[in-house]
Amino acid sequence: DDANLLLLLDAFVTAIHAALPMRWVVLWPTEVLFVVVYGILAFGVGSPMPMDAVGMNMAMIIILATTAALGRRSLELSERASFSRVVSEKSRRFHVEHRLEQLSASIDGSKEEKQPEDEIVSLATSAKTDELFSGLKGSDGKETSHRLKRIADLGYREHWLIPSS
């Protein structure tokens, strides 16, 4: 009976696809090898099973190998799409924070001159809201209202502030 050989080959291919962090393009030869090894052993060396059963096993092995390949490829595409969304979100967040910094500097009326070492150091953090709104504490009502309106306008343009309806 070919059951032990089939289970061993299946376990090998499943373990490779599930456990190894490899791209699909590197793994497809194992799927081909999986089918070829069974074909050589069953048809070349011989199998105690009738030929129609060996043919059915071969068809099932091809389906199993194809399914493993498609599953791995689908997972890879999903991971790439997720990574792309994360990078896009970080990029949008950077641009919004940059615009907020420019807005804050233009409202204060004093854009400070950056030192060269300030330009070299870059941290991947989000803007702190206490720094953004710190100028509101000591300002009069009209200046505060004007500053909040400009921040809200930027929020509507960047779609991180949703209009109330």
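About the cut-offs
- Residues numbered from 1 in each chain as written.
- Predicted model: local features only at pLDDT ≥ 70, side-chain atom pairs only at ≥ 80, totals over all residues.
- Heavy atoms only, no water.
- Salt bridge = Lys/Arg side-chain N within 4 Å of Asp/Glu carboxyl O.
- Helix = DSSP H or I, 4+ residues; strand = E, 2+ residues; numbered from the N terminus.
- Buried < 20%, exposed > 50% of the residue type's maximum accessible area, 1.4 Å probe, protein only.
- Lys, Arg positive; Asp, Glu negative; His and termini not counted.
- Contact = heavy atoms within 4.5 Å.
- Expected span 1.5 Å × (residues − 1).
- Core = buried A, V, L, I, M, F, W, Y, C linked by side-chain atoms within 4.5 Å.
- Arc of directions from axis to C-beta.

Draft legend 1. Inspection of the pattern of salt bridges at higher detail. A complete count under the given rule lists five salt bridges for this structure. Ionic pairing is found between Glu76 and Arg23, a salt bridge with its closest N-O pair at 3.4 Å. Taken together, the positions of Glu76 in helix α3 (residues 51-108) and Arg23 in the loop between α1 (3-19) and α2 (24-45) put the pair 53 residues apart, joining distant regions of the chain. Shared partners join several salt bridges into a network, and the residues in it are Arg23, Arg73, Glu76 and Arg80.

Draft legend 2. A look at the side chain of Arg72. Mapped onto the secondary structure, Arg72 falls in helix α3. The side chain of Arg72 is buried and forms no salt bridge, while Glu76, the nearest opposite charge, is found at 5.5 Å. Sequence-distant contacts of Arg72, defined by excluding residues within four places in its chain, comprise His17, Leu20, Pro21, Met22, Trp24 and Leu27.

Draft legend 3. Spotlight on α2. Compared with the 32 Å implied by 1.5 Å per residue over 22 residues, the 31 Å span of α2 between its first and last C-alpha is a close match. A positive phi of about 115° marks Gly46, the residue just after α2.

Draft legend 4. Representation of the nonpolar core in the model. If you look at the biggest cluster of nonpolar residues, it comprises 12 residues: Leu6, Leu9, Val13, Phe34, Val35, Tyr38, Ala42, Val54, Met58, Ile61, Ala65 and Ala68. Taken together, the elements giving at least two residues each to this core come down to α1, α2 and α3. Here the element with the most residues in this core is α3; it accounts for five residues. If sequence neighbours within four positions are ignored, Ala65 has contacts with Glu31, Phe34 and Val35. By size, the runner-up hydrophobic cluster in this structure holds six residues, among which are Val96, Leu103, Ile107 and Ile151.

Draft legend 5. Structural detail: α1. With 17 residues, α1 extends 23 Å between its outermost C-alpha atoms, agreeing within 8% with the 24 Å of an ideal straight helix rising 1.5 Å per residue. When we look at burial in α1, the residues that qualify are Leu6, Leu9, Val13, Ile16 and His17. Projected down its long axis, α1 carries its buried residues within an arc of 105°, all on one side. Along α1, exposed side chains directed more than 90 degrees from the buried face belong to Asn4, Leu7, Leu8, Ala18 and Ala19.

Structural measurements only, silent on function.
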